Amino acid sequence: MEISFAFQHLVNFLMLGLIYSIVAVGFSLYFGVVDVVQFAHGDVVALGGYAGLAGILLAVAAGATGVGPVVGMIVLALLATGAAGALIGRYLVMPLRQASPINVLLITLMTGTAIREALRLFVPGGSNPSPFPMVLPDQLMTFAGVSMRVSSLIIMAAGVLAIFGTHFLLSRTRLGLAVRGVAQDEETARFMGIDFKRVVTLTFVLGACLGALAGIMSGLYYRQVMFNMGLMLGVIGFCAAVVGGLGSLMGAVVGGFLFSGLQIFATVALPISSAYKDVFAFTMMICIIAVRPTGLLRERFEERV
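A short tour of the structure in this document, coming up. Note that the structure is a prediction, hence the values are computed from the model and not measured.

The rules we used
Residues numbered from 1 in each chain as written. Predicted model: local features only at pLDDT ≥ 70, side-chain atom pairs only at ≥ 80, totals over all residues. Heavy atoms only, no water. 1 Å grid on protein atoms, 1.4 Å probe; cavity = no way out; pocket = protein on both sides within 12 Å on 5 of 7 lines; lining within 4 Å. Points joined across faces, edges and corners; volume = space filled by probe spheres on them. Helix = DSSP H or I, 4+ residues; strand = E, 2+ residues; numbered from the N terminus. Nonpolar A, V, L, I, M, F, W, Y, C, P; charged D, E, K, R; others polar. Expected span 1.5 Å × (residues − 1). Buried < 20%, exposed > 50% of the residue type's maximum accessible area, 1.4 Å probe, protein only. Contact = heavy atoms within 4.5 Å. Phe/Tyr/Trp six-rings, centres within 6.5 Å; stacked < 30°, edge-to-face > 60°. Lys NZ or Arg CZ within 6 Å of the ring centre and 35° of its normal. Salt bridge = Lys/Arg side-chain N within 4 Å of Asp/Glu carboxyl O. Polar contact = N/O pair within 3.5 Å; in protein donor to acceptor, adjacent residues only side chain to side chain. Axes fitted to C-alpha atoms, helices over the stretch in contact; angles between N-to-C directions. Parallel < 35°, antiparallel > 145°, perpendicular 65-115°, else oblique. Left-handed = near helix turned anticlockwise from the far one by under 90°. Core = buried A, V, L, I, M, F, W, Y, C linked by side-chain atoms within 4.5 Å.

A word on the layout of surface pockets. To locate leftover empty space, one rolls a probe as large as a water molecule over the atoms. The volume enclosed by the largest pocket comes to roughly 560 Å³. Contributing to the lining of the largest pocket are 21 residues, with Leu-16, Tyr-20, Ser-218, Tyr-222 and Met-232 lying nearest its centre. Those elements giving two or more residues to the lining of the largest pocket turn out to be helix H1 (2-34), helix H8 (196-222), strand E4 (224-225), helix H9 (229-244), helix H10 (249-268) and helix H11 (277-291). Here the lining of the largest pocket takes 5 residues from H1, the largest share from any one element. Within the lining of the largest pocket, the residues separate by chemical class into 12 nonpolar, 7 polar and 2 charged.

Bringing H9 into the picture now. At 3.6 residues per turn, the α-helix brings residues three or four places apart onto the same side. Its 16 residues give H9 an end-to-end C-alpha distance of 23 Å, which sits within 8% of 22 Å, the value for a rise of 1.5 Å per residue. With respect to burial, H9 is a largely interior element, 12 of its 16 residues being buried. Listing the buried residues of H9 in full gives Met-229, Gly-230, Leu-233, Gly-234, Ile-236, Gly-237, Cys-239, Ala-240, Ala-241, Val-242, Val-243 and Gly-244. Buried positions along H9 lie against H1, helix H2 (41-61), H8, E4, H10 and H11.

All right, on to the packing of aromatic side chains then. Under the criterion given, the structure shown has 8 aromatic pairs. Pairing Tyr-30 with Phe-204 gives two aromatic rings, centres 4.5 Å apart and planes at 25°, and the pair type is stacked. Placement of the pair is Tyr-30 in helix H1 and Phe-204 in helix H8, with a sequence separation of 174 residues. Like Phe-204, Tyr-30 is buried. When the centroid spacing of 5.2 Å and the interplanar angle of 70° are considered together, the rings of Tyr-221 and Tyr-222 count as edge-to-face. Classification of Tyr-222 as partly exposed rests on a relative accessible area of 45%. Members of the aromatic cluster, each reached through a chain of ring pairs, are Tyr-20, Phe-259 and Phe-282. One cation-aromatic arrangement involves Arg-90 over Tyr-91; the distance from NZ or CZ to the ring centre is 5.4 Å.

Once that is clear, we can look at the pattern of salt bridges. Scanning all chains against the criterion turns up 4 salt bridges. Across the pair Asp-43 and Arg-116 runs a salt bridge, and its minimum N-O distance is 2.8 Å. Here Asp-43, found in helix H2, pairs with Arg-116, found in helix H4 (residues 101-122); they are 73 residues apart in sequence, far enough to count as distant. In this pair, the class of Asp-43 matches that of Arg-116, namely buried. One salt bridge in this structure joins Asp-138 and Arg-149, with 3.7 Å as the shortest N-O distance. In this pair, Asp-138 is assigned in the loop between strand E1 (130-131) and strand E2 (140-143) and Arg-149 in strand E3 (residues 146-149), connecting sequence segments 11 residues apart. A residue is classified by how much of its surface remains accessible, and Asp-138, at 24% relative accessible area, is partly exposed. Connected through shared salt-bridge partners, Asp-138, Arg-149 and Arg-223 make up one network.

So, on to the side chain of Ser-21. Secondary-structure assignment places Ser-21 in helix H1. At 2.6 Å, the side chain of Ser-21 forms a polar contact with the backbone oxygen of Gly-17. Ignoring sequence-local partners within four residues, the contact set of Ser-21 consists of Ile-163, Ala-252, Val-253, Gly-256 and Phe-257.

Moving on, we get to the packing of H1 against H8. Two numbers describe a pair of packed helices, the interaxial angle and the distance between the axes. As a packed pair, H1 and H8 sit with axes 9 Å apart at the nearest point and diverge in direction by 165°. Judged by the angle between their axes, H1 and H8 are roughly antiparallel. In this structure, H1 meets H8 at a crossing whose hand is left-handed. Of the residues that constitute the contact of H1 with H8, the class distribution is 22 nonpolar, 6 polar and no charged.

Moving on, we come to the nonpolar core. The nonpolar side chains of a soluble globular protein tend to be buried with one another. Among the nonpolar cores identified, the biggest contains 81 residues, and Met-73, Phe-204 and Leu-220 are the most heavily contacted of them. Here this core gets 16 residues from one element, more than from any other, and that element is H1. Filtering out sequence-adjacent residues up to four positions away, Met-73 remains in contact with Gly-52, Gly-55, Ile-56, Phe-132, Val-135, Ile-216 and Leu-220.

A word on unusual backbone geometry. Even without a glycine there, the phi angle at Asp-35 is positive, about 55°. Mapped onto the elements, Asp-35 comes out in the loop between H1 and H2. Backbone geometry places Arg-223, a non-glycine residue, at a positive phi of 65°. When you line up the elements, Arg-223 lands in the loop between H8 and E4.

In structure tokens form, the structure reads like this:
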């Protein structure tokens, strides 16, 4: 029983760590390229969760079976969040790059509020949690006395692939080279023929699509989505990105797993109610930021992305 208990908390740690890391990577992408914090990112995550749910329902209504609902979930979530990311990057953030940083903060906060309220008002029953169907294989596997669902393995594998895929995209492709060039020196990148607006727009699309994956993973894991789920995920993701080092992809991953580990530690090892796990985790993260204001990994990298 103790082994099973420990294994379940290990699964929770890995699952939450991946979700937080993917959200944090989005924040790091935005900051690394255009030096802005996109505070609507958490609500884009919620949009991805609801778009994924809509994709499942539409696929089922059309008579799709097997992988059909999964395809509908992924495609609609990516399309919805990709479009939102492109619009935010191209028409909200880009025109304000030379303005005061407070302007970008306010416009992204307002955009996030608009997305959140639109979900609450226009989704049927949007004020209440919406059940998220399990469209993945959900058989229970038992090995060496511990049990795990196949769906959890698939979700975690998707998260790992997304993180490594993003790293490969940034380090091994022409688009990644352009993104890193813009992040390193915007003016030089322009002189070298890099389309700055295109790179920034594609970066926002990529970050938003990662947010869609985080929203889907959260919906599948908790079996529900809520219109305000992006509030806490956004705060945790931003906190993880700051602690890891804003602009550092691996720093965002480290920060995400660190926050998840602190939550699990508070739940399992401390003589406090699990309701206080977030208070403990945020307190520890504040202490880390106080000691390392630039983040755990950022000082080790010359490039921000």
